[in-house]
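Each chain, letter by letter, is given below.
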Amino acid sequence: MTSNCEITVTSPQEAQTKSSIIVVSNRLPFVLKRDPKSGNLSRNASAGGLVTAVAPVVIKGKGLWVGWSGITLSDKDQIPESDPSDRTPTAGLLSEQVVSVNVEPVLFDSYYNGCCNGTFWPLFHSMPGRATFNAENWSAYYQVNKEFATKTVEALERCLKQNKNPGVPIVWIHDYHLMLAANWVREEADEKNLPCHIAFFLHIPFPPWDIFRLFPWSDEILQGMLACDMIGFHIRDYCLNFVDCCQRNLGCRVDRKNLLVEHGGRSVRVRPLPIGIPFERFVELAKKAKRVLRTNQKIILGVDRLDYTKGLVNRLKAFEVLLEKHPEHRENVSMLQISVPSRTDVKEYQELKEEMDQLVGRINGRFTTANWSPIRYIYGCVGQEDLAAFYREASVCLVTPLRDGMNLVAKEFVACQINEPPGVLIVSPFAGAGETMHEALLCNPYEIESAAEVIHRALTMPEDERSLRMGRMRRREMQQDVNSWMRQFLKAMDSLEEDEIGTTTMHPVTVDDFDDYLLNYVGYNHKLALLLDYDGTLAPIAPHPDLATLPPETKNVLQRLSNHSDVYIAVISGRNVDNVKAMVGIEGITYAGNHGLEIEHPDGSKFIHPMPMEYEGKMTKLLKALQEEVCHHGAWVENKGALLTFHYRETPNEWRSKLVTKARQLIIDNGFSVTEAHCAVEAKPPVQWNKGRASIYILRTAFGVDWSERIKIIYAGDDVTDEDAMMALKGMAATFRVTNAQIVKTSAERRLPSTDSVLTMLKWVERHFMRRKPRSNSLTYKNRKKDCVKMQLAFELVPSPNHSAANSSDERD
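Worth saying up front: this structure is predicted, and the values here are computed from it rather than measured.

(A) Inspection of helix 20 (residues 614-629) at higher detail. Given a rise of 1.5 Å per residue, 16 residues ought to cover 22 Å, and the 23 Å separating the end C-alpha atoms of helix 20 matches this to within 8%. Within helix 20, the full set of buried residues consists of Y615, M619, L622, L623, A625 and L626.

Right under this line is the structure:
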């Protein structure tokens, strides 16, 4: 008679790729040990699904593996070859395919124990109360990620030089230890013209936005991950959490249906890729393993690292309630809990071990009889053969973490269920396995009473139902094994010739996209003030400022909007006011130059911020120094009157650092403040005025002191100087940062990829206001100016001691 658990489905073949793969992980796929006497190194294979799945593909594709060896290596140390008797998946991985990352021990401890395990582990498992936020640990994480990136680029160069495969190499970065590394890999690969595709896979959950945003450097993490072409998570829920964070934290444009995020001018693919296990290997282990449980009692099995995310205390309490409420299980059921030691030097884990010891002792003391003890507790490691035997002989397996990325114990238990009748799997809905293994019984570990009832149901489940549920899970896990996971990854990276990978690019920004961003904010009852930067926002960045011309279509839209009584336009630029006015060429709008130090109103009147007299001479001296000392190799200085800008866009890379450092020092030595711009450094007199202060001055002048209640505001800019305005208007305006850089910290609500998308936004404004009837203009510009006279006097327009009252009055008028 054929058992319901017998399987006839053929396991997927080992994945074949047309590209070489460079795997980057915190640890190498084996552990190095040094003989204390001889000093010689030996290597022992690491267990785990990642090594099992990926190592054969790296080996056959002549790829490379980048990671930390587990010990500090000297320059003389050589990675040893595998032992000839080794039959593990890494046996064929040659030493020349390994790139070891060396990190100083103190720095590594701060990175690994401080940031990775002290912050990311609890935070990503939705336990923020256990997370510590430490700037020194974050700095260590940053430095170590940068070191991993450097070694990865070296590996990429070596891989391209060998040229073993026709496809573009894939750099595959793994897990929460290395969420920043892709940014520097992409940056350096682009600079050195090294072709590659970059992917990332997170092996733990990705938390929802309200938890993720607690991390002070959350923006940097998201942008580090978004430097990849594809980002993989275990389940779709984690994908959606990530996409949501990108939209809400960074203001990225997203496509939830196709799981795409637009960042840095690229469409980043986000994919659910549930990891599998080497199913057939566990089946063979279960067949060969000797019997280890010589009892007629039913065994409830738990196998976990001793970690607070695993819900072990809740599990024992649920078992205690089971014995209380269902005494028929006493002397007929035992729990075997295997707890693998983890982070034994950390106080929290020591306290958890102590709590578990006490709880096991209390329950055993309460229920033990002469012939039976309810809990057998193993604190230590168990070999794979013995583990397979435990899986095979258990009646129930409890996989009930409080939060878990996937949890492969559930899959290993299913693979080893070769006996008839089979056991029953109980999983937590808060583990990835709870999303994918539908026939398992779901158990909420937080509900102790309910959990006890689920265990009772599993123990009393009819044999035919057990066989049906287990048979279906075994079929699925055999099909979706670790090789299938690898194939799905390669398919997502378009590295399997026979597969189509679906939608991988977001459609261009359309006018309709801005309905979601702006319609509720702008509404139908207020006027609108458009505050716009010029270079990089209205006009594309050009090699020389004179070449950055306003596209005709953008000018036409602005011209039409300037004629609408409900739309007010101000262009706020780093150029001088006459230059930006000439470049835009539209009458009846406000122009602000030199980041707002000079402003020309629609009626022709001007405001010029007072400058200390002594800086006129200093400006001349600084201009001369810059021209003589740093204007080489294509670098030049632009004199804007109130500001000087040192441009180095056309300077070769090898000269940039030296010239920019020298220019910064000259600016500081002459008493000016330094402001960064696109391939430029600006020298600004030390006055408390910027685009933020200028924006508020413009709005008050145009709309009165109650401007914030009378109008809606849109601000768009692309530069660091625009951040001052975005910060000043935060909460009072819809703000957009135009950027295609990899990591940009911004106060803007949304990001736009290009000047074309700014034009699309302006078209939305035009469409929206053309549908509205113009409102009567109850407050003329001249009347508003009169109302603002007192406000101006109080708004830091008091002249410097060397600036005459008559002159300052004329400038304000």
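Next, the rest of the story.
(B) Here's a closer look at helix 24 (residues 720-728). The complete set of buried residues in helix 24 reads T721, D722, E723, A725 and M726. Against strand 25 (673-677), strand 26 (680-684), helix 22 (691-703), strand 27 (711-717) and strand 28 (734-738) lie the buried residues of helix 24.

(C) Seen up close, the environment of V382. Tracing the backbone through its elements, the reader meets V382 in the loop between strand 14 (375-379) and helix 11 (384-393). Considered as a pair, V382 and V340 are 42 residues apart in the sequence and their alpha carbons are 8.1 Å apart. Leave out the neighbours within four places in its chain, and V382 touches I338, L387 and F390.

(D) Looking closely at empty space enclosed by the protein. The full count for this structure, using the stated rule, is 4 cavities of 30 Å³ or more. Approximately 400 Å³ is the volume attributed to the largest cavity. Residue lining of the largest cavity: 30 residues in total, with D535, I541, P545, H647 and H678 positioned closest to the centre. When residues of the lining of the largest cavity are traced back to their parent elements, those giving at least two are strand 23 (636-639), strand 24 (644-647) and strand 26. Here the lining of the largest cavity is built from residues that sort into 10 nonpolar, 9 polar and 11 charged.

(E) Representation of the nonpolar core in the model. Formed by 111 residues in total, the largest nonpolar core has its most connected members in F120, Y141, F206, I221, F233, F242 and I300. No other element matches the 10 residues that helix 3 (residues 135-162) contributes to this core. With sequence-adjacent residues up to four places away left out, I221 is seen in contact with F120, W138, Y141, M179, L180, F212 and F215. By size, the runner-up hydrophobic cluster in this structure holds 68 residues, among which are I170, Y391, V399 and V427.

Rules of the game
- Residues numbered from 1 in each chain as written.
- Predicted model: local features only at pLDDT ≥ 70, side-chain atom pairs only at ≥ 80, totals over all residues.
- Heavy atoms only, no water.
- Helix = DSSP H or I, 4+ residues; strand = E, 2+ residues; numbered from the N terminus.
- Expected span 1.5 Å × (residues − 1).
- Buried < 20%, exposed > 50% of the residue type's maximum accessible area, 1.4 Å probe, protein only.
- Contact = heavy atoms within 4.5 Å.
- 1 Å grid on protein atoms, 1.4 Å probe; cavity = no way out; pocket = protein on both sides within 12 Å on 5 of 7 lines; lining within 4 Å.
- Points joined across faces, edges and corners; volume = space filled by probe spheres on them.
- Nonpolar A, V, L, I, M, F, W, Y, C, P; charged D, E, K, R; others polar.
- Core = buried A, V, L, I, M, F, W, Y, C linked by side-chain atoms within 4.5 Å.

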